[in-house]
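Overview (structure and organization)
Listed below, chain by chain, are the residues.
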Amino acid sequence: MSIAIDVLIMTTQLIAIVDPVGALPIMVSMPGIEKPEVFRKALRIIAIAVPSLLIIFAVVGQYILEAFNISIADFRIAGGIVLLVIGIDTLREGAPRTMGLSPEEFIFTPIVTPMLVGPGAITSVMLFTTYYGIPEVIISILIASLITYLVIRFSFTIIRLIGSNMLRFIGRFLSLIIMAWAVSLIIEGIREALLI
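Residues numbered from 1 in each chain as written. Predicted model: local features only at pLDDT ≥ 70, side-chain atom pairs only at ≥ 80, totals over all residues. Heavy atoms only, no water.

Describing the overall build of the protein chain
The line we're drawing: Under the scheme used here, helices are H or I runs from DSSP no shorter than 4 residues and strands are E runs no shorter than 2 residues, and both carry numbers assigned from the N terminus. In this scheme, a residue with accessible area under 20% of its type's maximum is buried, one over 50% is exposed, and one in between is partly exposed, where area comes from a 1.4 Å probe on protein chains only. Shrake-Rupley sampling with a 1.4 Å probe provides the accessible areas, and residues are treated as covered by the protein chains on show and by no other component.
Broken down by element type, the protein chain carries 8 helices and 0 strands. Counted from the first residue to the last, the protein chain has its helices and strands arranged as α-α-α-α-α-α-α-α. Taking all 196 residues of the protein chain together, the buried fraction comes to 42%. Element-wise, carbon and sulfur atoms account for 70% of the exposed surface of the protein chain, whose accessible area totals about 10,100 Å².

Printed below as a string of structure tokens:
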């Protein structure tokens, strides 16, 4: 039962950080996205790239820390700061300013990265592996990626049903969840650093 709760917690946090709902306005504004072949290509890239990138960072993230001689406490503080900045950006601007290039240019950039798999998501999966086992983290990534895929898959229907104003409200609400988790990471990292 504990594993199921851990997976649920990670999945919820990851969906809040990946924020597929926040990517919808950019996604549907891309020229040519209304064409079935372009939309199918976008879905295919999202279905493969999002879980693949997150799993890679989750699995090798620990080795990256060791290579640069960074402690878990240091990374929690740095990761918390990154997430806090992203949360504040999303709350104020409606989307992170780290969004990158114009969304009209590519599906992979900036839709997949850095909008969906950005610094916040990368930091999160690396931090998850310091709290939970790799199998649970991978399961959470796969579930969050599936939900992200479904949100994008039904993007036009979602926007038509709830409207753009409600989309912005949901995005800003999720940013508060990101910020709250970021603050807890910073506090925990400082506590660990002081005990070393």
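Having seen it, we continue.
Notes on the confidence of the model for the protein chain
Counted only if it meets this: The pLDDT score gives, residue by residue, the confidence of the prediction method on a 0 to 100 scale. By definition in these notes, contact holds between two residues if any of their heavy atoms fall within 4.5 Å.
Overall, the predicted model of the protein chain reaches an average pLDDT of 81, with 86% of residues at or above 70. Within the protein chain, helix H2 (residues 20-29) has the poorest average pLDDT of any element, 74, and helix H7 (residues 134-153) the best, 96. Predicted confidence for residues 98-104 stays below pLDDT 50, and this span has 13 contacts to residues more than four positions away or in other chains.

With respect to helix H3 (residues 36-67)
Owing to its 3.6 residues per turn, the α-helix brings residues three or four apart onto one side. For the record, the criterion: One fewer than the residue count of a helix, multiplied by 1.5 Å, yields its expected span. The bend reported for a residue corresponds to the angle between axes fitted to the seven residues ending at that residue and the seven starting there.
If you check H3, its first and last C-alpha atoms are 45 Å apart, about what 32 residues at 1.5 Å a residue would give, namely 46 Å. In the structure, H3 departs most strongly from a straight axis at Val60, where the bend amounts to approximately 50°. Of the positions making up H3, those classed as buried are Phe39, Ala42, Leu43, Ile46, Ala49, Val50, Pro51, Leu54, Ala58, Gly61 and Leu65. Backbone geometry just after H3 places Asn69 at a positive phi near 55°.

Digging into the environment of Ala58
With respect to the helices and strands, the residue Ala58 is situated in helix H3. Residues Ala58 and Leu127, 69 residues apart in the sequence, show an inter-C-alpha distance of 8.2 Å. Those residues in contact with Ala58 that sit more than four places away from it in its chain are Val125, Thr129, Ile134, Val137 and Ile141.

Brief notes about the packing of aromatic side chains
Where we set the bar: Only the six-membered ring of Trp is used, alongside the rings of Phe and Tyr, when aromatic pairs are assigned; centres must lie within 6.5 Å, and planes under 30 degrees apart are stacked while those over 60 apart are edge-to-face, with the rest tilted.
In the structure shown here, the tally under the stated rule is 3 aromatic pairs. On the basis of an interplanar angle of 65° and a centroid distance of 6.4 Å, the ring pair of Phe128 and Tyr132 is categorised as edge-to-face. On the basis of relative accessibility, which here comes to 1%, the residue Phe128 falls in the buried class. A ring pair is formed by Tyr131 and Tyr132, whose centres lie 6.2 Å apart and whose planes are at 45°; its orientation type is tilted. Its relative accessible area of 21% is what places Tyr132 among the partly exposed residues.

Comments concerning the side chain of Thr11
On the secondary structure map, Thr11 appears in helix H1 (residues 2-18). Each residue touching Thr11, except ones within four places of it in the same chain, is listed here: Ser140, Ile143, Ala144 and Ile147.

Digging into the nonpolar core
Keep this limit in mind: In this description, a nonpolar core means a group of buried Ala, Val, Leu, Ile, Met, Phe, Trp, Tyr and Cys residues linked to one another through side-chain atoms lying within 4.5 Å.
Grouped together as the largest cluster of nonpolar side chains are 43 residues, with contacts concentrated most on Leu14, Met27, Ile46 and Leu54. Where this core is concerned, the elements lending two or more residues are H1, H2, H3, helix H4 (72-93), helix H5 (111-116), helix H6 (119-131), H7 and helix H8 (155-195).

As for unusual backbone geometry
Of note, Asp19 is a non-glycine position whose phi angle comes to about 50°, a positive value. Among the secondary structure elements, Asp19 is positioned in the loop between H1 and H2. Located in the positive-phi region is Asn69, a residue other than glycine, with phi close to 55°. For Asn69, a relative accessible area of 71% gives the class exposed.

Notes on a nonpolar patch on the surface
This is how the line gets drawn: Only residues whose relative accessible area exceeds 30% and that form no salt bridge are eligible for patches; like-charged ones are grouped when within 9 Å, while nonpolar side chains (Val, Leu, Ile, Met, Phe, Trp, Tyr) are grouped when within 5 Å. By definition here, a salt bridge exists when the distance from a side-chain nitrogen of Lys or Arg to a carboxyl oxygen of Asp or Glu is within 4 Å.
A grouping of Ile56, Val59, Val60, Tyr63, Ile64, Phe68, Ile70 and Ile134 is seen on the molecular surface, where their side chains present a nonpolar patch of about 710 Å² in accessible area. At 5 residues, the largest contribution of residues to the nonpolar patch is made by H3. Relative to the helices and strands, Val60 is located in helix H3.

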